Amino acid sequence: MNNTKRRMDLVLLPIVLLAAFLNGYGIWNDQYANSYYTTAVGSMLSNFHNFFYASLDSAGSVTVDKPPVVFWIQTAFAYVFGLHGWSVILPQVLAGIGSVLLIYFMVKPTYGLVAARISALAMATVPVVAAVSRTNNIDSMLVFTLLLGSWFLFKGSKQGSAWRILVAFGLIGVAFNMKMLQAYMILPAFYLFYLLAFQAKWRRKIILLIGSTAVLAVVSLSWAVTVDSIPEDERPYIGSSETNSVMELAFGYNGLARLTGQQNTSGNAGMPNAIGQGNNRGNRGEMSAGPNQTDSGSLGAGQDVNAPDNGNSNASKGMNAMGGMNGPNGNFPNGQMPNDMEMPNGRNFGGNGGGGMGGMFGTGEKGPLRLFQTELSGQASWLLPVVLLGCIALFAGLRRRNITNKHKEALFWLAWLLPVAAFFSVAGFFHQYYLIMLAPPVAALTGAGFVAMWKSYHDRNGWQAWLLPVSVLLTTLFGWYIMQVYNDTIGAGWSISELIAGILITVILIVMLHRTHRWKQSFIIAGFMVMLIGPIYWAFTPITYGGNSMIPAAGPTGSNGMFGGAGMGMPMGNVAGDTEMPAMGGRGGMGNRNEEVDTVTLNYLKEHNTGETYLFATTDYNQAAPYIIDERAAVITLGGFSGSDPVYTTEELEQLVKSGQVKYFMVGGMGGRGGNTDISDWIKEHGTEIPTSEWKTGTDSGSMDNGDTENEAGLGFGFGFGGQTTLYEVKL
């Protein structure tokens, strides 16, 4: 009997292989993945100082905008396998597969083998899961960690095991150190399930709950408090923060700001409505006598910087030429994309106005039905009709004195699903790939609910027997609604075939409801498989249409655009006059703007290096990325992700140059997103411009003058896509 229980489920194996294929096929073609994070991994490989802080650059001067746990894991993989795009993606591939297995093992004990298989298959084919797990973005690992904590919670509650409960809450703390407050979105589910399911006297239950909450708090804040307690001139600047504080980053930029859509100028400087705002920052405290060079090569980052407002009129002109992207709240005027492009011709249910940065990234309009709108529905919403009707079947027999484990676990998944869905329905700033947070509860409730409806159908249990055929009909109708928007891209056959098959199977199930037939069970299975036509097709799109490592999204157009998502690709046609906007693809994945190592530049900098510690410093991390990743060169980034973090003062730069640590500075490129004009002006004032013909491939003249020239030529557009880069040599 025990051998039978432990025997491998042969149906699970192809599901796991499908997940592995969707998550991992072709990742070896992605040279840089999300270059922002890969650059950090390259820097973290150089010394423990950079490793501990998740430093973006070789000097350990500024961190990435997230906590370090996932990057620690990626760095470990890069240490073993070498630094490649695939080696930093591999942990997320494994996490995606692990999530499928965890869903299976969490659903199986309570709802049975069939429900577990259905849930695992649903999890493997949630499109956004496949899209995110193919990149080095954090969310796949985050979801795996949350599911692992949930597994411990389930085990601990059933067995009355205190240590498992403590581990469960501790893992949520670990998840906090992956993506901060996003990890706390499932805490309502944790507390509710613990109170309902943990078998113990109330006194012990409350004491353990207090202890678990304490563990959660200690683990969550351990890194943040440690970093914030270190003097600012002995650690990197906290990237994308306003006050050089991890705690402020957690509860501001990575917290409340996601809900309100009001982003600070640092983290937002790379976005269209933030052009020219990069210097609108507060002071960094009193300036010390000079940079405090640590043993690891880190420079002080705690001194004062008085950053004046920068109107950046050129940037504004460039953005207006692109259709007014820098309009109120970062939305396109009247919903119009640049160059008269529009979103796919779908329907937007509910709500008024995307608000904040939400509408900017193809996240639809705020409202209770936002997840059903064209912009978001293709990511994780396909099976929501099954979830809704399945929950009705699960709770139909609920009585106050008869709350079973099935009810308790269903409540856990609902308490995960509903707050997350509510947040994304009203949030002002998020990306489509954040919807991976919906995948576990949707998958689990799909399996549990479908089996409950199956049983009611089989038992001909009154009105409940109708839930199954109705769920097949509504889900296939919803799938047709999502797919038909893209008929011009994928052909009408997919949406029409799903619709016809769904209607046909619904009719058959209704006809067979009160009859006994040997094919009855096969048609039920066929009904479920028809509902998966859309999700499976969408889950394959990152492979078939190309991926977006920077802002991943599933869908036949979602992976190719600058911002990801349905129809959010930037126009490749005319923007101003006859000038075309440069394509955003590259060896780092579609939609991920990456520079590549220019051998002429590299040779020039090496030949003219006279003992300086750093090859060069740059206002644009994209310029530094290939040199740090491919060449393992020591490079300084002067302003973090957006170019606007007040990492250095002019006094610190002067000290850097005088101490012989750096003499070459690259100015331009993406730094135009909102860089520090004090820094740029100081470099231009004290530096000598090197003719591009001497250091750059394929050029025979110097850089273009600043001003309207770039915008009129269609090169810079005020925010650096294809913008001119200038090399300065500074000697003091």
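Residues numbered from 1 in each chain as written. Predicted model: local features only at pLDDT ≥ 70, side-chain atom pairs only at ≥ 80, totals over all residues. Heavy atoms only, no water.

Colleague: Please explain the overall build of the protein as it appears in this structure.
Modeller: Helix and strand counts for the protein come out as 29 helices and 7 strands. Going through the 732 residues of the protein one by one, you find that 60% of them count as buried. Once local pairs closer than 6 in sequence are excluded, the contacts in the protein between residues at least 24 apart make up 72%. (Helix = DSSP H or I, 4+ residues; strand = E, 2+ residues; numbered from the N terminus. Buried < 20%, exposed > 50% of the residue type's maximum accessible area, 1.4 Å probe, protein only. Contact = heavy atoms within 4.5 Å.)

Colleague: Even after reading the chapter, I still don't get the confidence of the model for the protein, so can you show me in this structure?
Modeller: As a general rule, the predicted coordinates of low-pLDDT regions are not to be interpreted in detail. When pLDDT is averaged along the protein, the result is 81; 76% of the residues meet or exceed 70. Confidence drops under a pLDDT of 50 for residues 700-722, and excluding neighbours within four residues, the segment shows 66 contacts in the predicted structure. (pLDDT = per-residue confidence, 0-100.)

Colleague: What is the right way to look at the pairing of strand β7 (residues 725-730) in this model?
Modeller: Here β7 lies mainly inside the structure; 6 of its 6 residues are buried. Alternating residues of β7 divide into T725, L727 and E729 and T726, Y728 and V730, and every residue in both groups is buried. Relative to β7, strand β5 (residues 664-668) runs antiparallel, the two being bridged by 5 bridges. Note on β7: the bridge partner recorded for M666 is L727. Looking at chain direction, strand β6 (residues 687-690) and β7 are connected through 4 bridges and run antiparallel. Within β7, the position partnered with G687 by the bridge is V730. (Pairing = 2+ DSSP bridges.)

Colleague: Can you walk me through the side chain of S157 in this structure?
Modeller: Looking at where S157 falls in the secondary structure, it is placed in helix α9 (residues 139-159). Assessed through its relative accessible area of 0%, S157 is described here as buried. Other than its neighbours up to four places away in sequence, S157 contacts I165, F193, A197, F198 and Q199.

Colleague: Which parts of the structure should I look at to understand the pattern of salt bridges?
Modeller: Enumeration over the complete set of coordinates arrives at 8 salt bridges. Two residues, E654 and K658, come together in a salt bridge whose shortest N-O distance is 2.8 Å. Placement of both E654 and K658 in helix α26 (residues 650-658) is noted, with a separation of 4 residues, approximately one turn of the helix. Residue K658 is classed as exposed on the basis of its relative accessible area of 52%. One connected set of salt bridges, linked through shared partners, spans K663, E729 and K731. (Salt bridge = Lys/Arg side-chain N within 4 Å of Asp/Glu carboxyl O.)

Colleague: When you look at the environment of E689 in this model, what are you seeing that I'm missing?
Modeller: With respect to the helices and strands, E689 occurs in strand β6. In this structure E689 comes out as partly exposed when scored by relative accessible area, which is 33%. Between the C-alpha atoms of E689 and E729, which are 40 residues apart in sequence, the distance is 6.5 Å.

Colleague: Even after reading the chapter, I still don't get the environment of A633, so can you show me in this structure?
Modeller: Along the chain, A633 turns up in the loop between α25 (621-629) and β4 (635-637). A C-alpha to C-alpha distance of 7.9 Å links A633 and S58, two positions 575 residues apart in sequence. Beyond its immediate stretch of four places on either side in the chain, A633 contacts S58, L615, Y627 and I628.

Colleague: Would you explain the packing of helix α16 (residues 384-395) against helix α17 (residues 405-426) in this entry?
Modeller: A pair of packed helices can be characterised by two numbers: the angle between their axes and the separation between those axes. For the pair α16 and α17, interaxial distance at closest approach is 10 Å and the crossing angle is 150 degrees. Viewed along their axes, α16 and α17 adopt a mutual orientation that is roughly antiparallel. The element α16 and its partner α17 pack so that their crossing is left-handed. For the pair α16 and α17, the contacting residues are V387, C391, L394 and F395 in the first and H407, A410, L411, L414 and L417 in the second. Of the residues belonging to the contact of α16 with α17, the class tally is 8 nonpolar, 1 polar and no charged. (Axes fitted to C-alpha atoms, helices over the stretch in contact; angles between N-to-C directions. Parallel < 35°, antiparallel > 145°, perpendicular 65-115°, else oblique. Left-handed = near helix turned anticlockwise from the far one by under 90°. Nonpolar A, V, L, I, M, F, W, Y, C, P; charged D, E, K, R; others polar.)

Colleague: Is there a simple way to think about the packing of helix α6 (residues 85-111) against helix α7 (residues 113-124) in this case?
Modeller: One way to put it is that α6 packs onto α7 with a least axis distance of 7 Å and a crossing angle of 155 degrees. With respect to their mutual orientation, α6 and α7 come out roughly antiparallel. With respect to the hand of their crossing, α6 and α7 are arranged in right-handed fashion. Contacts between α6 and α7 involve S99, V100, I103, Y104, V107, K108 and Y111 on the former and, on the latter, L113, A115, A116, R117, S119, A120, M123 and A124. Each residue belonging to the contact of α6 with α7 can be placed in one class, and the counts come to 11 nonpolar, 2 polar and 2 charged.

Colleague: What's the story with the nonpolar core in this structure? I'm lost.
Modeller: A general feature of soluble globular proteins is that nonpolar side chains tend to end up buried together. By size, the foremost hydrophobic cluster in this structure holds 168 residues, and its most contacted members are W413, W416, M437, F450 and I683. The residues contacting W416, other than those within four sequence positions of it, are L146, L147, S150, I186, A189, M437, P440 and P441. Counting residues in each nonpolar core, the second largest holds 15 residues, with L602, A624, A633 and L727 among its members. (Core = buried A, V, L, I, M, F, W, Y, C linked by side-chain atoms within 4.5 Å.)

Colleague: Please clarify how the packing of aromatic side chains should be interpreted in this entry.
Modeller: Two aromatic rings, taken as a pair, are described by how far apart their centres are and by the angle between their planes. What the rule picks out here adds up to 44 aromatic pairs. With a centroid separation of 5.1 Å and 80 degrees between ring planes, the pair formed by F52 and Y53 is classed as edge-to-face. Assessed through its relative accessible area of 6%, Y53 is described here as buried. What links up through ring pairs into an aromatic cluster is the set F154, F169, F190, Y191, F193, F412, W413 and W416. The ring of W202 carries K205 above its face, with NZ or CZ at 4.4 Å from the centroid. Lying across the ring of Y253, R258 places its NZ or CZ 4.8 Å from the centre. (Phe/Tyr/Trp six-rings, centres within 6.5 Å; stacked < 30°, edge-to-face > 60°. Lys NZ or Arg CZ within 6 Å of the ring centre and 35° of its normal.)

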